[in-house]
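Structural characterization, general
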Amino acid sequence: MKCIILAAGRGERLRPLTDSTPKCLLDVGGKPLLHRTIEQVLHAGISEIGIVLGYRAEDVRTFVTRRFPATRIRFISNPKFSATNNAFSLLMARDFYKSEEKKFAPLQELLLVDCDILFAPELLKTLLDYPQPNRLAVQARNVHHEEEIRVKVDSNSVVRLIGKSVPISETFGESIGIEVFAANTASRLFDVLERRVRAGVGRTEFYEASFQELIDDGVSIHAVDVSTFPAIEIDTQDDLRAAETIASLIDHPADV
């Protein structure tokens, strides 16, 4: 399995904290977000990691190489990060993901992680161990919000709709930004991303629009309810404050 971590965005809603520090390097519970993510990915046995960089890319590169000197991590540039969205950032990682294909070796599964998520290690293990080939982590038990990416599922927990336009009344849960795809699905995903970017719409849309195209084309993606595990997407300073409490729960469960 390969892992792609998206860390190109500016984190505008966290300003002024992100004026001089990329969102992924903000400290939560004594440790930067990206450090936590890389640690958990490595602990899960995944050693091929690519990180898509954009805003303050050199700061992130320097941090990672100093904190993980023995780990080979591929740094991928999104030179147009200020004018594009995460679908475009993900497309920039296509060569990293398909490098084995060029060597006539079989492609691998793909773990996709947004950099701005604080999550418990058990959440990642649950998602990786889930038996279906394509799956995404969903918080189903919390209150759902209009600004979040929401999913509608069928009776078998297969995603039928994903995006911010899913009606709240039909929402099963909110996608937290961690997904696993089988090799053939990941390969198709990059083809869809490229086509949508070339058409223009893909430059500024969320990558879930490409997920929806795959779903409409018959690909089954299962929603995995991870509501029992602590997790939060950090977009605002209120989120960051809430993340401090969640980090304590993750790091010191016996003390909470």
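Each remark here, short or long, concerns the structure printed above.
Presented here is a report on the structure given in the accompanying data block. These figures come from a predicted structure and were not determined experimentally. (Residues numbered from 1 in each chain as written. Predicted model: local features only at pLDDT ≥ 70, side-chain atom pairs only at ≥ 80, totals over all residues. Heavy atoms only, no water.)

**A look at helix H7 (residues 183-199)**
- Taking 1.5 Å per residue, 17 residues should reach 24 Å; H7 reaches 25 Å between its end C-alpha atoms and fits that length.
- Among the structural elements, strand S1 (2-7), helix H3 (86-91), helix H4 (94-97), strand S6 (110-114), strand S11 (173-181) and helix H8 (208-216) are those in contact with the buried residues of H7.
- Once H7 finishes, glycine 200 follows within two positions and takes phi at roughly 105 degrees, a positive value. (Helix = DSSP H or I, 4+ residues; strand = E, 2+ residues; numbered from the N terminus. Expected span 1.5 Å × (residues − 1). Contact = heavy atoms within 4.5 Å.)

**Notes on the side chain of arginine 150**
- Assignment of secondary structure puts arginine 150 in strand S9 (residues 150-153).
- Engagement of the side chain of arginine 150 in a polar contact is seen with the backbone oxygen of lysine 164, the distance being 2.6 Å. (Polar contact = N/O pair within 3.5 Å; in protein donor to acceptor, adjacent residues only side chain to side chain.)

**Brief notes about the pattern of salt bridges**
- Under the definition given, this model contains 22 salt bridges.
- The salt bridge partner of arginine 94 is aspartate 191, with a shortest N-O separation of 2.6 Å. Here arginine 94 is found in helix H4, whereas its partner aspartate 191 is found in helix H7, with 97 residues between them in sequence.
- Given a relative accessible area of 18%, arginine 94 falls into the buried group.
- Here aspartate 154 and arginine 160 are joined by a salt bridge, their closest N and O atoms 2.8 Å apart.
- Note on aspartate 154: relative accessible area 22%, which makes it partly exposed.
- Sharing partners across several salt bridges, the network here consists of Arg94, Lys98, Asp191, Glu194 and Arg198. (Salt bridge = Lys/Arg side-chain N within 4 Å of Asp/Glu carboxyl O. Buried < 20%, exposed > 50% of the residue type's maximum accessible area, 1.4 Å probe, protein only.)

**Thoughts on the packing of helix H1 (residues 33-43) against helix H2 (residues 57-67)**
- Across the interface, H1 lies against H2 with an axial gap of 11 Å and an inter-helix angle of 45 degrees. If you check the angle between H1 and H2, you find them oblique. Considering how the two elements wind past one another, H1 and H2 form a crossing that is right-handed. On H2, the residues that touch Leu34, His35 and Ile38 of H1 are Val60, Phe63, Val64 and Arg67.
- Here the residues of the contact of H1 with H2 are counted per class, giving 5 nonpolar, 1 polar and 1 charged. (Axes fitted to C-alpha atoms, helices over the stretch in contact; angles between N-to-C directions. Parallel < 35°, antiparallel > 145°, perpendicular 65-115°, else oblique. Left-handed = near helix turned anticlockwise from the far one by under 90°. Nonpolar A, V, L, I, M, F, W, Y, C, P; charged D, E, K, R; others polar.)

Bear in mind that shape data such as this cannot, by itself, settle questions of function.
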